[in-house]
Every structure is written in structure tokens, then in C-alpha cells.
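So the chains spell out like this:
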Amino acid sequence: MSIDTERPWRDPARPAAERAELLLAAMTLEEKIAQLGSRWAGNDMADAELPEDETINVAPMEDVFSVGGSLSLEDASREGLGHLTRVWGSYPQTVEQGVAEVIRQHEVVLKGSRLGVPAIVHEECLTGFTTYGATVYPASIAWGATFDPELIERMAAAIGRDMAAVGVHQGLSPVLDVVRDYRWGRVEETMGEDPYLVAMLGSAYVRGLQSGGVIATLKHFAGYSASRAGRNHGPVSMGRRELLDIILPTFETAIATAGAGSVMSSYSDLDGLPASADPWLFTDVLRGEWGFEGTVVSDYWAVPFLASMHRVAADDSDAGALALTAGTDVELPDTIGYAGLLDKVKAGELSEDLIDRAARRVLLQKADLGLLDEDWTPERSIGNGSIDLDSEGNRSIAAELAEKSVVLLEAGSVLPLTDLTKVAVVGPCADDPRTLMGCYAFPNHVLPRYPERGLGIEIASPLDALRNELAGVEVSYAKGCGVMGDDRSGFEEAVALAQDSELCVAFVGDLSGLFGHGTSGEGCDAEDLRLPGVQGDLLDALLDTGKPVVVVVISGRPYALGLFADRAAGLVQAFIPGQEGAAAIAGVLSGRIVPSGKLPVQIPRHVGGQPGTYLQPALGSVESAGISGLETRPLYPFGYGASYTDFTVADLRLSVPEIGSNGEFTATVRVTNTGDRGGDEVVQLYLRDVVARVARPLKLLTGFARVSLAPGQAADVTFRVHADRTAYTDPGLQRIVEPGDLEVMVGTSSLDLPCRAMLRITGDVRVVGHDRVLTTPVTISEDPGGG
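Residues numbered from 1 in each chain as written. Predicted model: local features only at pLDDT ≥ 70, side-chain atom pairs only at ≥ 80, totals over all residues. Heavy atoms only, no water.

Visitor: What should I look at first to understand the nonpolar core in this one?
Guide: Generally speaking, nonpolar side chains in soluble globular proteins are found buried as a group. Formed by 137 residues in total, the largest nonpolar core has its most connected members in Leu-417, Val-505, Phe-507, Leu-542 and Leu-589. Looking at this core, the element that brings in the most residues is helix α14 (residues 352-368), giving seven residues. Phe-507 has contacts with Val-425, Val-426, Gly-427, Pro-428, Cys-429, Ala-430, Pro-462, Leu-466, Val-552, Ile-554, Ile-585 and Leu-589, leaving out every residue within four places of it along the chain. (Core = buried A, V, L, I, M, F, W, Y, C linked by side-chain atoms within 4.5 Å. Buried < 20%, exposed > 50% of the residue type's maximum accessible area, 1.4 Å probe, protein only. Helix = DSSP H or I, 4+ residues; strand = E, 2+ residues; numbered from the N terminus. Contact = heavy atoms within 4.5 Å.)

Visitor: Can you walk me through the packing of helix α1 (residues 16-26) against α14 in this structure?
Guide: Any two packed helices are characterised by the angle at which their axes cross and by the distance between the axes. It is at 8 Å that the axes of α1 and α14 come closest, and there the two elements cross at 130°. Relative to α14, α1 is oriented oblique. Crossing of α1 over α14 shows right-handed handedness. For the pair α1 and α14, the contacting residues are Ala-16, Ala-17, Arg-19, Ala-20, Glu-21, Leu-23 and Leu-24 in the first and Asp-356, Ala-359, Arg-360, Leu-363, Leu-364, Ala-367 and Asp-368 in the second. A per-class count over the contact of α1 with α14 returns nine nonpolar, no polar and five charged. (Axes fitted to C-alpha atoms, helices over the stretch in contact; angles between N-to-C directions. Parallel < 35°, antiparallel > 145°, perpendicular 65-115°, else oblique. Left-handed = near helix turned anticlockwise from the far one by under 90°. Nonpolar A, V, L, I, M, F, W, Y, C, P; charged D, E, K, R; others polar.)

Visitor: Is there a simple way to explain the sheet that holds strand β6 (residues 262-265) in this structure?
Guide: Strand order in the open sheet formed by seven strands is β1-β2-β3-β4-β5-β6-β9, and the pairing between neighbours is parallel. Each edge of the open sheet is held by one strand with a lone partner, namely β1 (38-39) and β9 (295-297). Contacts from helix α8 (residues 195-211) reach β4 (170-171) and β5 (215-221), with the element oriented near 145° to β5. Across the sheet, helix α9 (residues 240-258) touches β5 and β6, and the angle it forms with β5 is around 165°. (Pairing = 2+ DSSP bridges.)

Visitor: It is not clear to me how a nonpolar patch on the surface should be interpreted in this structure. Could you clarify?
Guide: On the surface, a nonpolar cluster with roughly 270 Å² of combined accessible area is contributed by Val-690, Val-691 and Met-758. Along the polypeptide, Met-758 turns up in strand β25 (residues 755-762). (Patch = residues over 30% accessible without salt bridge, like charges linked within 9 Å, V, L, I, M, F, W, Y side chains within 5 Å. Areas by Shrake-Rupley, 256 points an atom, 1.4 Å probe, with all protein chains shown as cover. Salt bridge = Lys/Arg side-chain N within 4 Å of Asp/Glu carboxyl O.)

Visitor: I'm lost on the layout of surface pockets in this one. Help?
Guide: In this approach the atoms are scanned with a rolling probe the size of a water molecule, which exposes any empty space left behind. Looking at the second largest pocket, its volume works out to about 880 Å³. Contributions of two or more residues to the lining of the second largest pocket are made by α8, α9, β19 (679-689) and β20 (700-709). Ranked by residues supplied to the lining of the second largest pocket, first place goes to α9 with seven residues. Classifying every residue of the lining of the second largest pocket by side-chain character gives 22 nonpolar, seven polar and 13 charged. (1 Å grid on protein atoms, 1.4 Å probe; cavity = no way out; pocket = protein on both sides within 12 Å on 5 of 7 lines; lining within 4 Å. Points joined across faces, edges and corners; volume = space filled by probe spheres on them.)

Below, the structure written as C-alpha cells:
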């Protein structure tokens, strides 16, 4: 390979940092600024006309997506371009068509600019590669229910391989927001309400995606999930201590342990300061304290929102200067605020050093991706484009994930289903495969604008799967009502069907969508936690028949089930389980699959959602009973999940009774399958700081392990816990390890912790930083005899 001596940055033998510096030095100011921008050439969302059936409080799509670039790709890339936005994820196209379009857009950028620097292609990948015909995996909230980082890493690796094979360089996942309010529409995009669970699964996703050569993007930095009343884009009223102890550790862990390559800004403001304009977040913490060296990209239109929504900038140009100064390197999905950076520099209102700072980071990323190599071409980077985006291997992973995510809340009197001849299947989620997929799955995210294109993948409905599962059983169906709306005209048919059957299975829950075109998903926030529409009334009518009713909730958030749990003959929670989810649910109902999912969020008893997440100090917990008339105990707690076999967790052994403030201990328990079927249990370790300088949660998940055991088999599960894992933010906003008593609790949910012991931390208070221990390693020693 000959090297272009006039363009030494194209020499792959040179270090990436040197190549980035050489290219930066060769660029004009205009060309450097161009590297900080993007173009969404395929965006047709502003002109969308979505079906109006079953919609509630729908925002017109032209209002939601009114901010956009107006330049052609040719004009937008005259000086080069940082990113190409969603070439694959904007409208339905075949693999061959998508490959051709990626090449076409690359050629526009390469041929139209002086230096011919390729652009980074980014795409969404929250439930798999968001493109037509690609596998739709379970939503992130279902990943949380698996408590299985290794499986999440395998899924993400498959997603990364598919994306890289068709020319994608960066994926806009994972979401590391920690759930703070179940009413928030984007709960389905999170991995739950516990920072350690989210950190472990999110880091696994990063490792998997980046193993395929695709940069992972951590989002949304930071605080987005804690908006007032769970309203999308709402202001966040949060103290810095809560931010440091609950919200930021997920991002910090994914950077420190998985090397995440990019971070995306949040839309929200924190105590009045929009995240995208906060240099403390993006410069002081992210880069100064954590040493992050990747790129920061804006959430879509977050830069102009500083002017139009937050009103902390006079116009788009001022917004661009604010965001760049704070530490946002690349504006997505179109160059709007950053289009004014040139004039700002020329007027002396913005330092060119800030342009160089951001451009250097982008160019370094392009060098690491191989985009600056002498022999790079779009054709060579993509290959022949013959990849199967919905391969058998993908679907196998999707099936395993779905099976491990289904949570059995109550087996009741009838589960697993046996010896039946006539079953009624009722409910709006029974025969609509869309209810199995999240709002960022292509069939729900894009295809509602193209109804003639179908779903693009093979996906069975729960009704189809149950008929297949219950061979020889007469299965009849009535919808009963819609997911949304107040139409009760189908109640009579559904009730009659239930009365004429031995048993009724009711499928209720969510339909994911965007900005009111659904009950879960971005912009689909809830007023309270009652089942959407009239589904609760439908359940009441079915339960009043006196026939056994198994309730299956397919949803992106937890709904209050207190009115139904005691009357149901069985209760199952399936968090948006993806395209293989129907078979997983049917398998759990029939008993073919022994359920092993655990709740990553609590199931409330009342529609008001009390008590919210399990991370409560004493005055917000069950210990405060009597000081308020509000119920504080959830219907089902965080970490809970029943099974068709039985497990015991016992014999807690601490390696030492005390440790220094820089020491560690091990906690070992024995878990035994005492039932007659093989199955998985998730052993969970929680810590409680008996006395602290601030009011802390009464328990914090500090370690977990999924253990597979045959009947009669036992295993020792050992957690290695460093004193750093007890660190918290003190009144002076320092993170400290404090001497004192610590309660160690181990069990199978946040409220089922039979194994307890005390440990003392001795020595002086120790201030810790980013170099502290962030994880709790676990070893499993199986005993085949179970003795």
C-alpha cells in the first residue's frame, strides 16, 4: 500500500493521536467546524401522518420534529462532515438499498469536500439495529429483568457485528438512566431502578457492541429519568448528592470498566441548568474526574433547544457556543446551533481553541475507526452487503433473553397450565405483535408511517404462540378493548367467551410509540399507574365471572396491580419481550420454561405508585408506617420473581468480622434447589450503612449472581466486597468510605433477605475518587450432590 505523503494522516502506521493532530493542522477553521456537525438526509418524520386509531393526546409530528436541517447533503458537507444520521433507520429499505444509500452519502461527503474525510455513520440500536428487517430484541427494561450481564453482552455483540457489517460506526445505546418515576414514558428504555444493576448490564452492553467495532453511546447524561412528574423533557429537581450517588455511577462504571467511546447529552435541566450547557458535567466530571477521552454528542436537537425550549440562549448561534463551551463535541442530528460557530470565532466571541478541542476528539475517533486509512473506501468497509439482519443466531439470543426476562409474579391456582380442553384468550395485547416491541424497534418507531410495509420481520402474537403451545386445546379469542381509548363495546363478547371456557388468559399492557402514539415510549408519559384505557375495567369484568383468569401484563413500565392480584388465578409480568417474546410467555404459561426473571422495578399496589423505587431512606420505607396514610410497601418488590421450583438461600459466612476503610471481605451463601425441576435463581447481596452522615437508602444492591441448579443441587455463591463499595457522597460533596457498622443482607429480593450479618469498617474516613472499586466480583462453586 502506497502512502500519500501529502496527507500523512492517512498512514495507519502512525499513532492515531498523531494522525488526528496532523489532519487538524491541515484544516481550515471552516473544515474543523464541519467535523462537529451532522446531516439527517433521510428524515421524513416532520411530514409524518400516523394512523389516528387508538391515539391519546397526540402531538402532531410536525410540531415534535419542527427543528431540522434544511440544507441538502451536498451543501451541508462542502467543508466536510462529522456524522451521517440514520441512513438505515429513517425509512424502510432492503439491505441492498441501504448499502447503496450509505455508499452514496459517503461519496457526496468525500467528493464534495477538499480533504475528503469520511463521516461517521450513526444509528439507533436500543432493541437491536433499528432498521427494516433486523431482529427486534427485548426492550432494555427486559434486559434488567434477566440480571444476566453475560447474555446482554452476547446480544450487544450480535447487534454490533450486524451494524458494522453494513457500514455503521456508532450506536446510540445503551440508556443508563436510572428509573426514578414509573410514570415516565421512557422507563421501557432503561434497565431498572437500581444503579448497580444498570451499571453492570449497561457496561456489558458496551463491551458487546464495541467488540463488533461499533462505538457505544451512553445516554442520557444526566438526570433525564428524574423529571418532575415523569414528564418527558421535564425539569429535574435533584440535589447534587443524589445525582452523584444514584445517577452518575452507571455512566462512570461503563466508562471505567468497559471503555465506552461516546456520551450523549440529556434534554433536561438540572436545578435550572440544562445539561447541554453544563461544563461541570461534561468537562469537570466526565473528562476531568473520570478521564473520558471519547466524544460527547448532543441528543437530537438538544443544542437549538437551549434557545427554543430552555431559553438560556438568545438564538441557535448562542446555543451552539454554549454547548461547545460546556463540552459537547458533535451536534446531532443536523448542524443548526453549530452553524453559527464560525461567525462567533471571527467576532472574537468564541475561542478557536474550543473548536480545536472538539474537532481533535472527533478526528481521533475517526482514526481509531480506520476512516482515515489510505485504503478506506465505503465499498470496502461494507463488503458485499449480503448480511442477514434477522439471522437464526440473532433470534436464538432474542429467544433466550425473552425467556429469562419473563417474571412470574404469582403461580396462583392454575400455573403452569395443564389438563385443559377449552381456553379463552382475551385482551388488546393478545393478538397484536406490536405490543411485544419497544418504541425504538423499527416496526413501532418508523413503520407506522409506512403501513403498507407490514412489520418487516416474522413475529408471532401471544395468541399464535399460545395456540401453538397448547396443542390439542381449543383456544378462542376476543379482543375486549383497545390498548388505548374508552371503547367498551367488546366487553360483552370477551366476558361471554370467558364464561364459556375452563380458563381465561388476559393479555393487557402497553403499545409502544412516540409522543402520544402509544402508552409507553418516548413522549408517552402516564398520569398515574392504572392500566391504560379501559383495560382495568375489562379485567374487572373478567374476574367477576368467577372463572379462573390468568393475567399477563406486557408493558414497558410497572402498572399498579393491587386491585387484581388477589383475584387472579395467576399473574405474569413480561416487560416488552421482543420478537421472540410470545413463545417465551407461552412457554412460561405452559410450564415448558421455568420462569427466572426478576423485577428490575417494583410493582406498585396503588395507581398513585407508592412507594416508587426501592431506594428509600427510613422515612420513605416500610419502617415509616404510621406517619402517613399512604401505603409504603410495594405489591411486589425490586428483585422479586417466583419460579416453578423452590430455592433456599442460607448459611451466610463473612470472611472477617471487620475490615479497614481500604480493605475487603467476602460474603458466601449456599443456594439450593429444593424443588423437583431445574431452574435459575438470582442471589442478591444488599448493604445497609447503619449510621451515616446523610440519610441513605436502607438497602442498596451491591452484588448479584444468576445461578442455574438442577433439582437437589446446591452451590456456594461468594461475593468479594471492597470497602469502596460502601462509599457515598457526604455533606461536603466528597465521596467517602466511612468507618462504622454495616449490615450485610443476602436473599432473593429486596424484601426477602433471610441471611444477615454485621460487619465493622475501622480506621479513618477515606476520600475516594474515580479509581475506587466499582464492581463486586462473584464466584459460584457448584456442589453436584447438594449436600
